[in-house]
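# Chain and residue survey
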Amino acid sequence: MDAQQTNASNDQQLSPAARKFLEETTMKSIFGISDAALDTVMALAYQLYQVGRYDETEVLCRGLVAADHKYWWSYSLYAATLRRLGRFGEALAQLEKGLAYEPNEPKLLFMRGEIREALAQQESAPAKKSPTTPSPRVAA
């Protein structure tokens, strides 16, 4: 059984009260992480993104989403990072998660349109053929 199936079966076993607790509670609230601390991490992640250090940005964005899964900006930067890494499907999934909390956020809506367009172009583009290497000539 893969992780997605395990998570789905675990979700079905949760009581409504447990599901509500998980949805409303963040690591930020459990550990008392200040907004200033998260803002500092977000600023660092954005700076890394600006200089093209996408792997580091991705790690920080994962932490930001884990700390406060309700904050749309984390999803926005995470999706932008995944887009730069060419992982359009994952980027779209992160935007959808952000839109669950901020359904009318213009930045998320705009990015979703851009990424859907990129996915459509990627799917409609013919598969690139790898260059063929000429076969070596055999001396007769």
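Look up a bit, the structure's there.
Residues numbered from 1 in each chain as written. Predicted model: local features only at pLDDT ≥ 70, side-chain atom pairs only at ≥ 80, totals over all residues. Heavy atoms only, no water.

### Some thoughts on the overall build of the protein
For clarity, the threshold we go by: Numbering of helices and strands runs from the N terminus; a helix is a DSSP stretch of H or I covering at least four residues, while a strand is a stretch of E covering at least two. Burial classes: relative accessible area under 20% of the type maximum marks a residue as buried, over 50% as exposed, and values in between as partly exposed (1.4 Å probe, protein chains only). The criterion used for residue contact is that any of the two residues' heavy atoms lie within 4.5 Å. Only the protein chains shown count as cover for residues, with accessible areas throughout obtained via the Shrake-Rupley method and a probe of 1.4 Å.
A count of helices and strands for the protein gives eight helices and zero strands. Each helix and strand of the protein, placed in order from N terminus to C terminus, yields the pattern α-α-α-α-α-α-α-α. Taken over 140 residues, the protein has a buried fraction of 28%. Look at the contacts in the protein between residues 6 or more apart in sequence, and 53% of them connect residues 24 or more apart. Summed over its atoms, the accessible surface of the protein is roughly 9,800 Å², and 56% of this surface lies on carbon and sulfur atoms.

### Some details on helix 7 (residues 88-101)
Let me state the cut-off plainly: In a helix, the anticipated span is given by 1.5 Å times the number of residues less one. Directions from the helix axis toward the C-beta atoms define the arc.
Here helix 7 is 14 residues long and its end C-alpha atoms lie 21 Å apart, about the 20 Å a rise of 1.5 Å per residue gives. Those residues of helix 7 that fall on the buried side of the exposure criterion are Phe88, Ala91, Leu92, Gln94, Leu95, Gly98 and Leu99. For helix 7, the arc enclosing every buried residue in end-on projection is 160°, short of the 170-degree limit, so these residues lie on one face. Packed against the buried residues of helix 7 are helix 6 (72-84) and helix 8 (106-124).

### Comments concerning the environment of Ala91
Of note, Ala91 is situated in helix 7. Sequence separation of Ala91 and Arg116 is 25 residues, and the distance between their C-alpha atoms is 9.8 Å. The contact partners of Ala91, leaving out residues within four places of it in the chain, are Ala79, Leu82, Arg83 and Ile115.

### Comments concerning the nonpolar core
Here is the rule we go by: Residues enter a nonpolar core if they are buried and are Ala, Val, Leu, Ile, Met, Phe, Trp, Tyr or Cys, with the set joined through side-chain atoms within 4.5 Å.
Ranked by internal contacts, the top residues of the largest apolar core, which has 25 residues, are Leu77, Leu95 and Ile115. Elements that contribute at least two residues to this core include exactly helix 4 (35-50), helix 5 (54-67), helix 6, helix 7 and helix 8. Residues contacting Leu95, with those up to four places away along its chain left out, are Tyr75, Ala79, Leu108, Met111, Arg112 and Ile115.

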